[in-house]
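# Examining the three-dimensional arrangement
In case you want the letters, here they are:
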Amino acid sequence: AHPTVPAALCIQNPVTDKTTMNFTLDLVGGNLGTGTAPLPMLDHVLYSAPTDPTGIVKFEVDFSPAGEATIWSARAVASGPQIVNWQLLDDPGSRMKIVDNVAHWQVSRDGTSWYWLQGFNYSTTGADSGTLQSAPYPAGTPVTTIAANIGEYTQVGAKSMVVRAGLNQSAGDLKLIGDIGDVAGTTKTLDTGVVRIWDLSADGTTALYSKTNTGQLFDMYLASLSKPMPCALSSTPLALGFGHLAVNTLTAAWVKVLGQTDQGAFYTTFDQCTTRQFATNIATFSAVGDQGYVYEDESSATAAEATLRFNQVVAGMLKTKGTVVQTQAYPTAAVLWPAHAAVVFSVATNGSTDGLYVNATLPFTGLTPPPGFIPAPTDGGASEGGAAVEAGPDLPPAIDAGTPETPADDSGAGDAGAGDDGGG
């Protein structure tokens, strides 16, 4: 579904041909109205073929950013190139072929440009490569080449890109192209040998990433163009595949394995490259801008339950432990910020308190209610801006959002202390 337009895209009728073993499906989509007619079919597409390498999918579909059109790419035959198609919703006569032999296409956030990787090779040895190009949206012509030998790209800012280039065995150079109109004059390297990017600052100048991995574990680094060298959060592959930068990039949160059955959630302050633990055995995790985090930790190994907490960043630091919102919560929670300072969670302990709850007393600010939101009248039993709120069973007393506790000693918390691995 599109986030702001009442429209949907679906796939249906998945079929494997018994002769060719090609796997095909029907793509349907359009505006969601009040009628009962099914969504119109957009295309019958080839999703995969038996000759495709394992894990390679040459099919992509999405809405345009504004939601006025559907975009999809697929092959006409198993050995053919991907063809990018564009069509206005519910207007089959508007369908256009934009380009072929491209992969990983995107539309710029302002809806004025295409980006894609021309001639992408779909490497099975970690040497992914294509030519990064741009073109006017939606026409798709003329095409402008930005850079060659690109394995991955991410839009940042209005005319900037973060790329991984020159991939070899999945590792490549992590670069920021400050202005795609002046690649040679504005490209700077953040680090080399990068295998995964976990998070980026809005302008692309700061990155949280990994350089090696063993199975499901990774090392973890933080680099910025404003710093002389990267900060090593974990120079050995002990981190899980997760990481988040605070919006202001002053802190990074990540998860590290501590033992066979234990893992810890850590945050690193970039200026000092110092790491401290703030949670154990984390189950869910959501960032609230640069204000802090809502998460479930102390998860049980024998039951589907954990402790739901929030933790604010105050003076650049988190508390040693977050404030409890609910004990024995089911390990699934949804934060409603920035629309509301609230979290939705459930309790499923086979008891009288089982149910779905909303806690709307989180101390986070900077709320931006969704378009068309009309606060309901309030009374003594209702929360501000909505119906009565069930805080949850055994909820702790009023939340204290004051001065954080003294952070835990960081000895043994990770190898990101000052001076370690070049992070001083």
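Starting afresh in each chain, residues are numbered from 1 along the sequence in its written order. Only residues with pLDDT of at least 70 get local features here, since the model is predicted, and only at 80 or more are side-chain atom pairs given and counted; chain-wide, interface and lining totals rely on the full set of residues. Heavy atoms throughout the structure, all of them, feed into the side-chain values; hydrogens and water do not.

## Digging into the pairing of strand β25 (residues 306-312)
The buried label applies to any residue whose accessible area, calculated with a 1.4 Å probe on protein chains only, is under 20% of its type's maximum; exposed applies above 50%, and partly exposed to all values in between. To qualify as a helix, a DSSP run of H or I must reach at least 4 residues; to qualify as a strand, a run of E must reach at least 2; elements of each kind are numbered from the N terminus. Burial within β25 is extensive, with seven of its seven residues counted as buried. Sheet topology note: the β25/strand β26 (residues 323-329) ladder contains four bridges and is antiparallel. Opposite F310, over in β26, you have T323 as the bridge partner. When DSSP finds at least two bridges between two strands, those strands are taken to pair.

## A few points about the pattern of salt bridges
Each salt bridge in this description consists of a side-chain nitrogen of Lys or Arg and a carboxyl oxygen of Asp or Glu lying within 4 Å of one another. For the structure on display, the rule yields nine salt bridges. Of the charged contacts, one joins D100 and K97 as a salt bridge, the two residues approaching to 3.3 Å between their closest N and O atoms. Judged by its relative accessible area of 29%, D100 falls in the partly exposed class. In this structure, D271 and K227 form a salt bridge, with 3.0 Å as the shortest nitrogen-oxygen distance. Of the two residues, D271 sits in the loop between β21 (263-269) and β22 (274-280) while K227 sits in the loop between β18 (217-224) and β19 (231-245), which places them 44 residues apart along the sequence. Since its relative accessible area comes to 26%, K227 is described here as partly exposed. Members of the salt-bridge network, linked through shared partners, are D297, E298, R309 and K321.

## Comments concerning the nonpolar core
In this structure, L132, I146, I150, Y153, M161 and V163 are the most contacted members of the largest nonpolar core, which totals 16 residues. Of all the secondary structure elements, the ones that give two or more residues to this core are β9 (113-118), β11 (144-156) and β12 (160-168). The element contributing the most residues to this core is β11, with four residues. A contact between two residues is defined here by any heavy atoms of the two lying within 4.5 Å. Those residues in contact with V163, other than ones at most four positions away along the chain, are L132, I150, E152, Y153, D173, L174, K175 and I177. Working definition of a nonpolar core: buried Ala, Val, Leu, Ile, Met, Phe, Trp, Tyr and Cys residues. They are joined through side-chain atoms within 4.5 Å.

## Some remarks on the side chain of D43
With respect to the secondary-structure elements, D43 resides in strand β3 (residues 41-48). The term polar contact refers here to a pair of N or O atoms within 3.5 Å; inside protein, the definition further demands a hydrogen-donor-capable atom paired with an acceptor-capable atom, and it admits residues adjacent in sequence only when both atoms are side-chain atoms. A distance of 3.3 Å separates the side chain of D43 from the side chain of R95, its partner in a polar contact. When sequence neighbours within four positions are dropped, the list of residues in contact with D43 reads L25, D26, L27, W72, N85 and R95.

## A few points about the state of the cysteines
In protein chemistry, a disulfide is the covalent bond that joins the sulfur atoms of two cysteines. Disulfides are defined in this document as cysteine sulfur pairs within 2.5 Å. Applying the stated criterion to the full structure yields one disulfide. The disulfide partner of C231 is C273, and the gap between their sulfur atoms is 2.0 Å. Between C231 and C273, the disulfide has an S-S torsion of 85 degrees and is therefore right-handed. Of this pair, C231 sits in strand β19 while C273 sits in the loop between β21 and β22, and the two are 42 residues apart along the sequence. Of the two residues, C231 and C273, neither departs from the other in class, the shared state being buried.

## Quick look at the sheet that holds strand β8 (residues 102-107)
The seven strands lie next to each other as β8-β9-β10-β11-β12-β13-β14, forming an open sheet whose pairing is antiparallel. Each end of this open sheet is capped by a strand with a single partner; those strands are β8 and β14 (187-194). Each strand axis lies, on average, 40 degrees off the axis of its neighbour in the sheet, ignoring direction. Relative to β11, strand β10 (residues 130-136) is paired through four bridges, and the arrangement is antiparallel. The partner of S134 across the bridge, within β11, is T144. Lines fitted to the C-alpha atoms define the axes, with helices restricted to the stretch that makes contact. Angles between their N-to-C directions range from 0 to 180 degrees.

## As for unusual backbone geometry
Of the consecutive residues Y137 and P138, the connecting peptide bond is found in the cis state with omega at 0 degrees. Mapping P138 onto the fold places it in the loop between β10 and β11. Following W337, the chain continues into P338 via a peptide bond in cis, with omega recorded as 10 degrees. Position of P338 relative to the elements: it lies in the loop between β27 (333-335) and β28 (343-347).

## Looking at the packing of aromatic side chains
A pair of aromatic rings is counted whenever rings of Phe, Tyr or Trp (Trp by its six-membered ring) have centres within 6.5 Å, and the orientation is called stacked for planes under 30 degrees apart, edge-to-face for over 60 and tilted otherwise. Throughout the structure, instances matching the rule amount to 18 aromatic pairs. Ring geometry for W114 against W116: centres 6.1 Å apart, planes inclined by 40 degrees, an arrangement best described as tilted. W114 sits in the buried class, given a relative accessible area of 0%. Overall, W116 belongs to the buried group, its relative accessible area being 0%. A connected cluster of aromatic rings, assembled from ring pairs, spans F242, Y267, F278, F285, Y293 and Y295. When the NZ atom of lysine or the CZ atom of arginine is within 6 Å of a ring's centre and also within 35 degrees of its normal, the charge is said to sit over that ring. The lysine or arginine in question, K227, covers the ring of F270, its NZ or CZ lying 5.4 Å from the ring centre.

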